[in-house]
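Single-letter residue listing:
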Amino acid sequence: MNIFGAKITGTVVLMQKNVLDVNSITSPQGILDTGLGGLTSLVDTLTSFLGFSVAFQLISATKPDSSGKGKVGNTAYLKGIIDNLPTLGDKQNAFKIEFDYDSNFGIPGAFYIKNYMSNEFLLLSLTLEGIPNVGTIHFVCNSWIYNAKNYQSDRIFFANNTYLPSKTPGPLVYYRDLELKNLRGNGTGERKEWERIYDYDVYNDLGDPDKGVQYARPVLGGSSTYPYPRRGRTGRKPTKTDPNTESRSDNFYIPRDEAFGHLKSSDFLAYGIKSISQDVIPALKSVFDINFTPNEFDSFEEVHDLYEGGIKLPTDVIKQITPLPVVNELLRTDGEQFLKFPVPKVVQVSKSAWMTDVEFAREILAGVNPGLIRCLQEFPPKSKLDSGVYGDHTSTITKEQIEPNLDGLTIDEAIQQKKVFILDDHDAIFPYLRRINSTNSKAYATRTILYLKSDGTLKPLAIELSLPHPEGDQYGAISKVYLPAIEGVQSYIWLLAKAYVIVNDSNIHQLISHWLNTHAVVEPFVIATNRQLSVLHPIYKLLFPHYRDTMNINALARNQLINAGGIIEQTFLPSKYAMEISSVIYKDWVFTDQALPSDLIKRGMAIADASSPNGVRLVIEDYPYAMDGLEIWGAISTWVQDYVSLYYTSDDTVKGDLELQQWWKELVEVGHGDKKDEPWWPKMQTLQDLIQTCTTLIWTASALHASVNFGQYPYGGFILNRPTLSRRFMPEEGSPEYDELVTNPERAYLRTVTPKFQTLIDLSVIEILSRHASDEYYLGNRDSAEFWTSDVYALEAFKKFGNKLAEIEGILIQRNNDVSLRNRVGPVTMPYTLLYPTSEAGLTFRGIPNSISI
């Protein structure tokens, strides 16, 4: 080929293997031996990349060979190390490379790569210089390259150009189709570490029946009884006990480029969860097994001691867990026998403001689960439970109980003026109450009625606690209504009533708002996108940043958090029924309602209004989550419209995009296959269908997840504010529990909610989940920000998006300084910052990462 002896010079950037990987670490010593974020023992040194270790071949985008495929150039190898490249990131290495070139080759549009070394490496990029009539071409790779023998066909990467399928240069069509075929695999066999195959499976890996019948769990997905989104397929063998349940192991497959691997900070946070599950929890349990410390708090002050003095542990336990990086970095000890936690924001200013009705109501609008409150449409509230199975579940709250607190209005007038609201956790939990209450947990189905005051704040009017009828479900519920009280034993009964509400809210939050509505529903999109949309596709490039690490954190969750006997089952109210409940809730999931304006309208929290920004007008103007969320939603929507319009000029362009149509078809019929017949799915026949779908997906993976995730420790780190368990029923007058409530109300409250051991687990986990990694990319930023596309118009639109988000952050800061917006700060003096777009690393109570990465 090299007729004229011309050369193309290039720069290859890569990272050597880093064994700090959640799949490869099985013991604390493993992480200690490697060092956090440090490169490990390097079998393949930098010089070993030279010579004939790594081979490259350019592929022409403009000159086909005799078969119509792009010409393949001569093999080239890495020639030398570049030490002074200013753009190199931490632990990245750069190499020179030269390719033979002549004018008959045309313009490079892709390249092959083969690794002949024993160890894999992370290929970050290839940059070609001096291409005649073109100049510089960038290839953004970000992919693990294993030894060539592991692949059935050579690894291929494309330049950062963007093409609809019909616009793909002819010589690249074959390679575009081949890469998608490789990513889809054949749906058989157990997946291997080095593979990049994306495929679907049901949630049949939560149980472990080989350990005993108590660890058996139903398969979620694939049935009308337990519908569920699909997860990534691993192909592991079935268990011996149940052929429908997949066997479990610490080493779980995810497509190789979905693993954290090289990401120092994300690795650490993910490893922290694994370490808590496998090392910290057993060590702490031993402390309570030997009764070194009681499993009960005796006073509220003792709970505060978790952050001020710490909890004392035996010397041998401290020696066992102190070497763990998760303890050193997150939980902290004083070097002696005390384990300490950081002070949660909710009690940093006042130790008692969390107890007020004002704060209780404010957190429904601006807390960690702000998307459940609804505007009440009828009184009394009714149930959607099947009356043929569960009887009549109409609320027993009466007008007489609440009208004295409606500022002179009747209940009908207050409803008509949209001043009455409800937090309704009744139907979600009631079908499981009988089973839950047969365990050590004791719970109620709850309804909370709230009233909008003239100052824009909410006040709770009544709480209804319901239990199954002792004679059978068909007889309905036994309910009791509790009203606010501010003194005497009644004030603590009211505090307990609020605690039962918060326990339900905490569990609904973790299972539904957090796990189901973000983590679980997004994973099928990740899979479908990688299977059906080429990396050259504009929608792939749009969505890709919002998928980073999601499959990995979901796999880790199935392995340590939501599995049978996992952390969620140990510390949350529904225990073994937790995931089953989320499956029941999924029956009512509607993708289009994930769009914030649609969600607000559905809940009666906003009214459709074409003259208002984003087409809605809030019913409660000072609703921090909705106010800030609509700003972010609007920015995402504008960015998506600007970007999509660059490539799709009409509805026909959408209809005619074969990759896009196959992507949507597979997403609906397979990824969310249990919901495939729902009429609300967009048809993906119009430009608006595409824009709304992408906006909704980006919102879900970024801002919605941030709003329900990064406040977990700031609000819930103080367990009294957001207990996760209730262990006793409301005390009845004349009982020993009631007498205790009279004589020692704090102790009675503490004996009802989450005990000490479960509190320590809760705090350990939610502190990790509430942290930002140091290498996170936030909304409006992305990896390879200058080179993710060669389209200058797309880059300009993205820059406009980032500038808009910076402007929004300034607006949100101003709102938090506006004393008339009383729901933004509240009695706890805790400004609502969860939807500030940017953040530093750590426990910040702010920041919107691009994706569900923790």
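Residues numbered from 1 in each chain as written. Predicted model: local features only at pLDDT ≥ 70, side-chain atom pairs only at ≥ 80, totals over all residues. Heavy atoms only, no water.

Chemist: Describe the nonpolar core, listing the residues and the values that go with them.
Modeler: Generally speaking, nonpolar side chains in soluble globular proteins are found buried as a group. One finds Ile 539, Leu 542, Val 644, Tyr 648 and Leu 720 to be the most contacted residues of the largest nonpolar core, which totals 181 residues. Top contributing element to this core by residue count: helix H12 (residues 488–532), with 21 residues. When sequence neighbours within four positions are dropped, the list of residues in contact with Val 644 reads Ile 539, Leu 542, Leu 687, Leu 690 and Ile 691. Val 54, Leu 123, Cys 141 and Ala 159 belong to the second largest nonpolar core, which has 28 residues in total. (Core = buried A, V, L, I, M, F, W, Y, C linked by side-chain atoms within 4.5 Å. Buried < 20%, exposed > 50% of the residue type's maximum accessible area, 1.4 Å probe, protein only. Helix = DSSP H or I, 4+ residues; strand = E, 2+ residues; numbered from the N terminus. Contact = heavy atoms within 4.5 Å.)

Chemist: An account of helix H23 (residues 736–743) is requested, with residue identities and associated values reported.
Modeler: Those residues of H23 lying buried are Tyr 738, Glu 740 and Leu 741. End-on view of H23: buried residues confined to an arc of 155°, all on one side of the axis. Along H23, the residues that are exposed and aim more than 90 degrees away from the buried face are Pro 736 and Thr 743. (Arc of directions from axis to C-beta.)

Chemist: Residue-level account of helix H7 (residues 357–366), with values.
Modeler: Within H7, eight of the 10 residues are buried, which leaves it mostly tucked inside the rest of the structure. Taken residue by residue, H7 has Glu 359, Phe 360, Ala 361, Arg 362, Glu 363, Ile 364, Leu 365 and Ala 366 as its buried positions. Buried residues along H7 sit against strand E15 (420–424), strand E16 (445–452), strand E17 (458–468), H12, helix H18 (624–644) and helix H22 (712–716).

Chemist: Lay out unusual backbone geometry in plain terms, naming residues and giving numbers.
Modeler: In this structure, the amide linkage connecting Phe 379 to the following residue, Pro 380, adopts the cis form with an omega of -5°. With respect to the secondary-structure elements, Pro 380 resides in the loop between strand E14 (374–375) and helix H8 (387–390). Of note, the phi angle at Asp 407 is positive, near 55°, even though the residue is not glycine. Among the residues examined, Asp 407 registers a relative accessible area of 55% and is labelled exposed. Positive phi outside glycine occurs at Ser 784, with the angle close to 50°. Tracing the backbone shows Ser 784 in the loop between helix H25 (756–769) and helix H26 (792–816).

Chemist: Provide a residue-level description of the confidence of the model for the chain, including the pertinent values.
Modeler: In this model, the chain carries an average pLDDT of 91, and 93% of its residues clear a pLDDT of 70 or more. Confidence drops under a pLDDT of 50 for residues 19–44, and excluding neighbours within four residues, the segment shows 60 contacts in the predicted structure. (pLDDT = per-residue confidence, 0-100.)

Chemist: Requested: an account of a nonpolar patch on the surface, with residues and values cited.
Modeler: Nonpolar side chains collect at one region of the surface, where Leu 646, Val 792 and Tyr 793 lie side by side and expose about 290 Å² of accessible area between them. For Leu 646, the position within the fold is in the loop between H18 and helix H19 (651–655). The partly exposed category is assigned to Leu 646, whose relative accessible area is 35%. (Patch = residues over 30% accessible without salt bridge, like charges linked within 9 Å, V, L, I, M, F, W, Y side chains within 5 Å. Areas by Shrake-Rupley, 256 points an atom, 1.4 Å probe, with all protein chains shown as cover. Salt bridge = Lys/Arg side-chain N within 4 Å of Asp/Glu carboxyl O.)

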